Amino acid sequence: MLKTGPHLNLRPFEPEDGAKLKEWFYSEDYKAFFRDVAYIPTNAQFSAFSAWPSALLFMVRHNNREEKAVGMAMLYEINSSASTAKIGFLLERGWQGQGFFMEVAWILGEY
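Computed from a predicted model, the values in this text were never measured in an experiment. (Residues numbered from 1 in each chain as written. Predicted model: local features only at pLDDT ≥ 70, side-chain atom pairs only at ≥ 80, totals over all residues. Heavy atoms only, no water.)

**Quick look at a nonpolar patch on the surface**
Now for step 1: On the surface, Leu56, Ile78 and Tyr111 cluster together to form a nonpolar patch covering roughly 280 Å² of accessible area.
Now for step 2: In this structure, Ile78 sits in strand β3 (residues 65–79). (Patch = residues over 30% accessible without salt bridge, like charges linked within 9 Å, V, L, I, M, F, W, Y side chains within 5 Å. Areas by Shrake-Rupley, 256 points an atom, 1.4 Å probe, with all protein chains shown as cover. Salt bridge = Lys/Arg side-chain N within 4 Å of Asp/Glu carboxyl O. Helix = DSSP H or I, 4+ residues; strand = E, 2+ residues; numbered from the N terminus.)

This is the structure in structure tokens:
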């Protein structure tokens, strides 16, 4: 598990998280997050998402509800020599608008 913030914690994506990723992918609520995906992934590709060499994916969990992912965060276009990366972030609709993006960005920055 990565560093824990006041409300949230992140853990690396695991193959069993593929089902949740697939649920978000097909939801109308999160189409903007997946707008750059040019094909429909297979079940195996959803489960192997963490194996993509150019990205690191983490599941976001609330500290008091660790059994359920409330979102995910991704580092991609990682440039180790410049210490830069882009961040992708998705929160379940009920968790949006509460300042959690900044908390996740802080946790990722500590990574």
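**Considering the side chain of Asp17**
Now for step 1: Along the polypeptide, Asp17 turns up in the loop between β1 (8–12) and α1 (18–26).
Now for step 2: According to the relative accessible area criterion, Asp17 is buried, its value standing at 6%.
Now for step 3: Only 2.8 Å separates the side chain of Asp17 from the side chain of Arg11, close enough to count as a polar contact. (Buried < 20%, exposed > 50% of the residue type's maximum accessible area, 1.4 Å probe, protein only. Polar contact = N/O pair within 3.5 Å; in protein donor to acceptor, adjacent residues only side chain to side chain.)

**Let's talk about the nonpolar core**
Now for step 1: With 15 residues, the main nonpolar core has Leu21, Trp24, Phe34 and Met72 as its most contacted residues.
Now for step 2: At the level of secondary structure, the elements contributing two or more residues to this core comprise α1, β2 (55–62) and β3.
Now for step 3: If we ignore the near neighbours within four places in the chain, the residues touching Trp24 are Tyr30, Phe34, Met59, Ala69, Val70, Gly71, Met72, Leu90 and Glu92.
Now for step 4: Among the nonpolar cores identified, the runner-up in size contains 14 residues, and Phe58, Ala73, Phe100 and Ile107 belong to it. (Core = buried A, V, L, I, M, F, W, Y, C linked by side-chain atoms within 4.5 Å. Contact = heavy atoms within 4.5 Å.)

**Topic: the pattern of salt bridges**
Now for step 1: Applying the stated criterion to the full structure yields eight salt bridges.
Now for step 2: Asp29 is the salt-bridge partner of Arg93, the closest N and O atoms lying 3.1 Å from each other. Of this pair, Arg93 sits in the loop between β4 (84–91) and α3 (100–110) while Asp29 sits in the loop between α1 and α2 (43–47), and the two are 64 residues apart along the sequence.
Now for step 3: Judged by its relative accessible area of 51%, Arg93 is exposed.
Now for step 4: Asp29 sits in the partly exposed class, given a relative accessible area of 41%.
Now for step 5: Each of the salt bridges in this network shares a partner with another, and the network as a whole consists of Lys20, Glu23, Lys68 and Glu92.

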